[in-house]
Amino acid sequence: MSIPIKSIPIQNVSQKSPLSLEANDWKALDDIKEWSQFSQSVNKEDTQWESHIVIEGMHCAACAFKVENTLKPLPGVVEVSVNATSGHAKIIWQSNLIKPSLWASGIYKAGYQAFPASDLLHQDERKKNQRQALWRLLVAGFCMMQVMMFSVPTYMAIPGEMTSNMKGLMEWASWVITLPVMLFSCGPFFKSALNDLKTKQISMDMPVSLGILIMFIVSTAATFDPNGLLGKEVYFDSLTMFVFFLLTGRWIELKMRDKTAGALDVLMRRMPRIVSRVNPDGSIEKIPANLLQVGDTVEVKPGEAFPADGEIVMGSTNADEALLTGESAAIRKSIHAKIIAGSFNLTNPVHMRVELVGQETRYAKIVHLMEKASTDKPRLALMADRIAKHFLWIVILLALSVGIYFWQFDHAKAIVAAVAVLIVTCPCALSLATPAAMLSMSGFLARQGILVQKMQALEALTQINTVVFDKTGTLTNDQIFIEKIFTNKKITEKEALVIASSLSASSLHPVSKAFMNAGEIDTSLKIEKIEEVSGGGLLAKTSLGVFKLGSLAFCGLKDNEFDHLKEEQLQVHLMHDDNWVASFMMTESIKEDALQSIKKLKQHHLNIEILSGDKLSSVKKVADQLSIQNIKGQCSPEDKLRHIQLLQSQHSKVLMVGDGLNDGPVLAFAHASIALGQGAPLSQAQSDFIILKGELRLIPQLIEEAKRTMKIIKQNLVWAALYNLICIPLAVMGFLPAWLAGLGMALSSLLVILNAARLAF
Amino acid sequence: MDILYLLVPFSVILVLVILVGLWWAVHSGQFEDTEKEGERILHDD
């Protein structure tokens, strides 16, 4: 089925699916011309490259470590970081020492597949993976139901009611139906257990695979040779149910992961590939976007995305920057207005002069920073994985010693006792404890308006000690409002407001919206002509004369003319025929639930900070009202990231709450992160939780719920351990009949799931 | 109850047939976009 990729450039292969990339195929990518498809040069001499690839076959953090450990010792590999959740990996390598095919073959040796992260390849691979996962789940689910149909009669029958022939037939039927589960559904467990064996690193899949295999072998033996060494009990029903539960958890997780991966891909692909360049002679030429140079002029039609950062040189239009800033209203862009690459042109064709292209654009830089941050994210060790290692060794040692002990007296009894230990200790309850609780909580939180994107973050959330907030849009509302009005005493404050509102009616600027919200419109004021000057204000010719509404400079005022003009606050002034009429002091409104939420967070002994791109004075104003002491203003995305890294190096566990594109890298890097629902989708894609309606009061609640989840997980783990503690000695001494062991196993799993279900209420 | 000796093997075969059907459905993309197909009838093309 696979199509050899050798001499074909990556981007042309995308239509031909399905794809598979073998270690050898990577040789085609050793050519320097191909590198830019998935890499970028780190230094000026082009000797060091940073490649982004997708690794298939990883299930957990242990796998990520495995890939890192295989690649790091290779000569020429400078840095490797693998993100287990997204399957992305970043590799920095020296082109004079190593070629992509060499490090790629390292990944194959570790038991995984690697793909260059050009988005189309990625998508095909993801689709294939999704189909496989669904197929495994459906097989396990369907076969589980059928096996149950054959098991129930044997449970219900009064002894003697069912002939041994009939029982044998039922067991045989169960065996046939369990086969597809073993062949198709259990693949991922066995594969990763085999990898564990090869690399001598243990994850939860190892005890799980061992349990499944032992159960299947014992049941098979019992089916075909009921009088044999391994007893006459079958466990097909427990086995299929266990596999189905585990796969359901993995399937839901894969779904959640894909949703965000998909969102990111859409954003990456929105940049146009072909642009219309305006030549100096006025002719328009279509060129590939990567040939665009600084200083070029391009024409952008309505409905197209702007290909670069720049400035409008001809025409005016409305732009949609929602994906980047979260601002849902269209933004008026007239001549000389700044354009951000990736925003959409909505209404009119315009010409723009290109100032920054490709990787230099603000958009690309932030996306790059965000990708880097998500792979550099510090991991908090998960409880279940820590337990898995010890658990496995204890179980194997115990089974062995029991077997050896009984071997001296009775060979048959030795095998039965060892098998009983292995079956009793099948880590069903243990491996279901964490995912069941997290899934149940995710469902509960979704009803409260919080989307959980990374379930592990629930555990991380209970370990944080610092909460860092962004200001604009997070602690404050997007809108600004009028705090105070100064007038020249000839008119009242209300009259000034009515005039200002009437002038603003046609404008979409946020300040205009503040006037519209505050005052009524006077319809008797006839506006003959109105002009919006970008970065200045409104100039209107009306039946009552010429009005100006706008900034200090636009109105021609000097800041020493009146006392209130000196204040460091957003101000808008109203002029009538060049005479000052009124000044409006604007302020940001703090969200209603902000103060209460911060108070609650402080009760949890959390350290609260504000990191903002805004001026320090306006940050301080908000911070004072919320009594937050640690604040930082005028931060670029890089500054924010550096500050978080500093906090983390001082052993702070950070929860970041933000909404804008500027917060994206920090959201990706913090131990746990919350994005607010009305924010930029790019930031949402990188956060652990999304609060859909942006209510801050949900943050303390989320932390409490996370703690509740951990409590349940701990209960579950204790229960699983307790069950094993009680049953193992019984099994060792031979007091535990096999059917009771099977029943106990099913009941302990059920108890774990029911206990987890309590979270949903 | 002798009929069970026929019906049980028959049901096993039926399960296998249904599994083949499921395999086809999953791998031909029947579950890929469950919303779009439902809405398709509402759009003329």
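Just so it is clear, the model here is predicted, and its values are computed rather than measured. Throughout, residues of each chain are indexed from 1 in the direction in which the sequence is written. Chain labels run from A onward and ligand labels from 1 onward, assigned in the order the entries are written. Local features in this predicted model are restricted to residues of pLDDT 70 or higher, and side-chain atom pairs are both shown and tallied only at a pLDDT of 80 or more, whereas totals for entire chains, interfaces and linings draw on every residue.

Draft legend 1. Representation of the overall build of chain B within the structure. Secondary structure is summarised from DSSP: a helix means a run of H or I of at least four residues, a strand means a run of E of at least two, and numbering begins at the N terminus for each. Tallying secondary structure elements over chain B gives two helices and zero strands in all. Once C-beta atoms are placed from the backbone, each residue is buried if 20 or more other C-beta atoms lie within 10 Å of its own, exposed if 12 or fewer, and partly exposed for counts between those two. Each of the 45 residues in chain B was classed as buried or not, and the buried ones make up 2%.

Draft legend 2. Expanded view of the overall build of chain A. Helices and strands together make up the secondary structure of chain A, namely 24 helices and 27 strands. Expressed as a percentage of its 761 residues, the buried residues of chain A come to 42%. With C-beta atoms placed from the backbone, a contact is any residue pair whose C-beta atoms sit within 7 Å. Nonlocal contacts in chain A, meaning residues at least 24 apart in sequence, comprise 65% of its contacts between residues at least 6 apart.

Draft legend 3. How the structure looks around the sheet that holds strand β16 (residues 466–469) of chain A. Residues and elements named next belong to chain A. Two strands qualify as a pair provided that DSSP identifies no fewer than 2 bridges between them. Strand order across the open sheet formed by seven strands is β15-β27-β26-β25-β16-β23-β24, with mixed pairing between neighbours. Looking at which strands have only one partner, the edges of the open sheet turn out to be β15 (450–452) and β24 (630–632). Across the sheet, the mean angle from the axis of one strand to that of its neighbour is 20 degrees, orientation sign disregarded. Pairing analysis gives three bridges linking strand β23 (residues 607–611) to β24, with the strands arranged parallel. Counterpart to E609 in the pairing with β24 is N630. For every element, the axis is a line fit to its C-alpha atoms; helices are fit only across the contacting stretch, and the angle between N-to-C directions ranges from 0 to 180 degrees.

Draft legend 4. Inspection of the sheet that holds strand β13 (residues 344–345) of chain A at higher detail. Residues and elements named next belong to chain A. Pairing within the open sheet is antiparallel, and its three strands lie in the order β11-β10-β13. Edge positions in the sheet fall to β11 (331–333) and β13, since each of these pairs with one other strand and no more. Inspection of the sheet shows strand β10 (residues 317–320) paired to β13 by two bridges, in the antiparallel sense. From the neighbouring strand, A319 faces β13, where its bridge partner is N345.

Draft legend 5. Expanded view of the nonpolar core. Residue and element names in this part refer to chain A. Core analysis: the largest hydrophobic core is formed by 151 residues, its most contacted members being V243, V421, I423 and L655. When residues in this core are grouped by element, the largest group, 14 residues, is from helix α23 (residues 698–733). The residues contacting V421, other than those within four sequence positions of it, are L398, A399, V402, I728, A731 and V732. Counting 25 residues, the second-largest nonpolar core is a separate cluster that includes V54, V82, Y112 and F115. Only buried residues count toward a nonpolar core: Ala, Val, Leu, Ile, Met, Phe, Trp, Tyr and Cys, linked into one set through C-beta atoms within 7 Å.

Draft legend 6. Expanded view of helix α18 (residues 594–603) of chain A. All names here are of chain A. Here α18 has its buried residues at A594, S597, I598 and L601. Down the axis of α18, the buried side of the element spans an arc of 100 degrees, and every buried residue falls inside it. Against the buried residues of α18 lie β16, β22 (579–590), β23, α19 (616–626) and α23. Where α18 terminates, the next one or two residues include H605, which has phi positive at roughly 60 degrees. What the arc describes is the spread of directions from the helix axis to the C-beta atoms.

Draft legend 7. The environment of L439(A), seen in detail. Residue and element names in this part refer to chain A. Here L439 lies in helix α13 (residues 428–448). C-beta crowding within 10 Å serves as the criterion here: with 23 such atoms nearby, L439 is assigned to the buried category. Excluding its chain neighbours within four sequence positions, the residues that come into contact with L439 are G249 and I252.

Draft legend 8. The interface of chain B and chain A, seen in detail. Contacts between the two partners involve 12 residues from chain B, matched on the other side by 14 residues from chain A. Along the lines of polarity and charge, the residues of the side of chain B that touches chain A split into 11 nonpolar, one polar and no charged. For this classification, the nonpolar set comprises Ala, Val, Leu, Ile, Met, Phe, Trp, Tyr, Cys and Pro, the charged set comprises Asp, Glu, Lys and Arg, and every other residue, Gly included, is treated as polar.

Draft legend 9. Quick peek at the pairing of strand β26 (residues 672–676) of chain A. All names here are of chain A. Counting buried positions along β26 yields five of five residues, so the element is predominantly enclosed. Because side chains alternate across β26, one face comprises the buried residues A672, I674 and L676, and the other comprises S673 and A675, equally buried. With four bridges joining them, strand β25 (residues 654–658) and β26 adopt parallel strand pairing. What sits directly across from L655, in β26, is A672. Assignment of crossover handedness uses the view with strands pointing away from the viewer, where a clockwise path from the first strand over the helix to the second indicates a right-handed crossover. Handedness of the crossover joining β25 and β26 through helix α21 (residues 664–669) is recorded here as right-handed. One ladder, built from three bridges, connects β26 with strand β27 (residues 689–691); its direction is parallel. For L676, the partnering residue across the bridge sits in β27 and is I691.

Draft legend 10. Fine view of the confidence of the model for chain B. For every residue, the predictor assigns a confidence score, pLDDT, that lies between 0 and 100. Chain-level statistics for chain B give a pLDDT mean of 81 and a share of 76% at 70 or above. Interface predicted TM-score (ipTM) for the complex: 0.91; the corresponding pTM is 0.65.

Draft legend 11. Quick peek at the confidence of the model for chain A. When the pLDDT values of chain A are averaged, the result is 79; 86% of them are 70 or greater. The model gives residues 1–20 of chain A a pLDDT under 50, and that stretch makes 30 contacts with residues more than four places away or in other chains.

Draft legend 12. Quick look at the environment of V622(A). For V622(A), the position within the fold is in helix α19. Put simply, V622(A) and T472(A) are 150 residues apart on the chain and 9.8 Å apart in space, counted from C-alpha to C-alpha.

Draft legend 13. Just the environment of N345(A), in detail. All names here are of chain A. Its location among the elements puts N345 in strand β13. Between the C-alpha atoms of N345 and E304, which are 41 residues apart in sequence, the distance is 5.7 Å. The contact partners of N345, leaving out residues within four places of it in the chain, are V300, K301, P302, G303, E304, F306, T317, A319 and V350.

Draft legend 14. A look at the packing of α13(A) against α23(A). Residue and element names in this part refer to chain A. Relative orientation of the contacting elements α13 and α23 amounts to 155 degrees, with a least axis distance of 9 Å. As summarised for this structure, α13 and α23 are arranged roughly antiparallel, according to the angle between their axes. Judged by the twist between their axes, the crossing of α13 over α23 is right-handed. The residues of α23 that touch α13, namely those facing A429, L430, A433, T434, A437, M438, M441, L445 and Q448, are L698, E705, T709, I712, I713, N716, L717, W719, A720 and Y723. Of the residues assigned to the contact of α13 with α23, the class counts are 14 nonpolar, four polar and one charged. Any angle between 65 and 115 degrees counts as roughly perpendicular, while under 35 counts as roughly parallel, over 145 as roughly antiparallel, and the rest as oblique. Take the far helix as the reference: if the near one is turned anticlockwise from it by less than a right angle, the crossing is left-handed, and if turned clockwise, right-handed.

Draft legend 15. Representation of unusual backbone geometry in the model. Residue and element names in this part refer to chain A. Residue K489 is not a glycine yet carries a positive backbone phi of 75 degrees. In this structure K489 comes out as exposed when scored by C-beta crowding, with 6 C-beta atoms within 10 Å. Backbone geometry at H651 places phi at a positive 65 degrees, although glycine is not the residue there. Mapped onto the secondary structure, H651 falls in the loop between α20 (637–649) and β25. H651 gets classed as exposed once you count the C-beta atoms within 10 Å, which come to 7.

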